[in-house]
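Descriptive structure summary
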Amino acid sequence: MGTRPGRGTANRGGGRAGTRLRRGGVAMAGGGPRRCRRLEADAARAVLGAADTLLFDCDGVLWRGEAAVGGAAAALGRLAAAGKRLCYVTNNSSRTRAAYTEKLRRLGFPPAEPRHVFGSAYCAARYLRQALPLGAAAYVLGSPALAAELEAVGVPHLGPGPAALPGPAPADWAQAPLDPAVRAVLVGFDEHFSYAKLCQALRYLLRGGPDCLLVGTNRDHRLPLEGGTAIPGTGCLVKAVETAAQREAFIVGKPNRYMFDCVASEFDIDPTRTIMVGDRLDTDILMGNSCGLTTLLTLTGVTTLDEVKGHQESDCPARQSLVPDYYVDSIADLLPALGD
């Protein structure tokens, strides 16, 4: 089957995950308990000055829906003008990298190339390109964007779009044709997810056994919407396939460090000089902390300071790992530290 990225590379950079780098008295990445301090004034100038790369989540950090967070574009513009490398890491598998660069442009952010965007669709395609034998295909429960990223890296695929059961009885469902080239099942956000697709995914996994890979783009269980409501996320779909197959998927998105490894393989990244900026503790902040990055929480998304305080006061190491180094109310709060 060849090597399976994310297993052999799971500890890349791990030796530095507990290090602390101090410049101007400011800790860039810590091994001790994190204090989640407000990042402002001199501390903000020191932390930003010591970094050469910033990784941004997008939804809830840079924009909400189709509207940019106030001041976010200006803040990133000043960071880019200061020579900082800006990359974008998102669990959203329903947009291609090209679509993200277009949205950044449309909302007034600094120009970005597709190589600066690391979405879970691209990272999943990258994973399968490296893990599958030449000519092997993936059965996809996902969006057209996920299919497009697979096509862009040369991974054959089938499955996106609506699917119907092949007959009225379970015996019919268990005898639907299977493509002999399929050696992986890939689960992303799929508005057409159905029992028919779940049946077909299970049949591919049963036929291939351990040699048929099961890959998920992320485990986000709910996707928050404006107005306080939410819809089921990709994690619900991944869990359905895992339950049917009685096996665990390899997840390429945050908090798995495979997404960071994708960034590090594209750019010369020093974790001790890198800041992860996000709005979710269990994805953005956990990945950043696990990879030895400085972590910055913005409160324009789904997390509140009360949640952080609860984790901070816990004796549970797993909860402590969700505490960021710093927080801001909004990315716009960085503007004073960045000058004109």
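Keep in mind that this is a model prediction, so the values were computed, not measured.

Overall, the coordinates contain 16 salt bridges when judged by the stated rule. Between Asp42 and Arg45 there is a salt bridge whose closest N-O contact spans 2.6 Å. A residue pair is termed a helical-turn pair when its members lie 3 or 4 positions apart in one helix, as Asp42 and Arg45 do in helix α1 (residues 41–50) at 3 residues. Residue Arg45 is classed as partly exposed on the basis of its relative accessible area, which comes to 42%. Taking the shortest distance from any N to any O, the salt bridge between Arg219 and Glu242 comes out at 2.7 Å. Separated by 23 residues along the polypeptide, Arg219 in the loop between β12 (213–216) and β13 (222–224) and Glu242 in helix α8 (residues 234–245) bring together distant segments of the chain. You can call Arg219 partly exposed: its relative accessible area is 27%.

Going through the model one piece at a time under the given rule, you end up with 0 disulfides. Just so you know, Cys291 is unpaired, no disulfide at all, and the nearest cysteine sulfur is the one on Cys262, 11 Å from it. Look at Cys291 and you get buried, because its relative accessible area is 0%.

Below, the discussion takes up helix α9 (residues 258–266). The α-helix advances 3.6 residues per turn, and as a result positions three or four apart in sequence lie on the same side. For α9, the set of buried residues is Tyr258, Met259, Phe260, Asp261, Cys262 and Val263. Those residues of α9 that are buried are in contact with β4 (53–56), β7 (85–90), β8 (117–119), α4 (120–131), β15 (250–251) and α10 (281–290).

It is worth spelling out the UniProt feature "binding site: Mg(2+)" (unreviewed entry) in the protein at this point. Here the UniProt feature "binding site: Mg(2+)" (unreviewed entry) sits at Asp57, Asp59 and Asp279. Judged by maximum C-alpha separation, these annotated positions cover 223 residues in sequence but sit close together in space, the widest gap being only 8.4 Å. Among the residues just listed, Asp57, Asp59 and Asp279 line the largest pocket. Mapped onto the secondary structure, Asp57 falls in the loop between β4 and β5 (63–64). For Asp57, the contacting residues outside a window of four places in its chain are Leu62, Val89, Thr90, Lys254, Met276, Val277, Gly278, Asp279 and Asp284. Mapping Asp279 onto the fold places it in the loop between β16 (274–278) and α10. Under the relative-accessibility criterion, Asp279 is labelled buried at 3%.

To continue, consider helix α2 (residues 72–81). The set of residues buried in α2 consists of Ala72, Ala73, Ala75, Leu76 and Leu79. Each buried residue of α2 lies within a common arc of 160° when the element is viewed along its axis, so the set occupies one face. Buried residues belonging to α2 abut α1, β4, β7 and α13 (335–338). A positive phi of about 90° marks Gly83, the residue just after α2.

How each quantity is defined
- Residues numbered from 1 in each chain as written.
- Predicted model: local features only at pLDDT ≥ 70, side-chain atom pairs only at ≥ 80, totals over all residues.
- Heavy atoms only, no water.
- Salt bridge = Lys/Arg side-chain N within 4 Å of Asp/Glu carboxyl O.
- Helix = DSSP H or I, 4+ residues; strand = E, 2+ residues; numbered from the N terminus.
- Buried < 20%, exposed > 50% of the residue type's maximum accessible area, 1.4 Å probe, protein only.
- Disulfide = S-S within 2.5 Å.
- Contact = heavy atoms within 4.5 Å.
- UniProt positions renumbered as here; feature names shortened; annotations may be inferred.
- 1 Å grid on protein atoms, 1.4 Å probe; cavity = no way out; pocket = protein on both sides within 12 Å on 5 of 7 lines; lining within 4 Å.
- Arc of directions from axis to C-beta.

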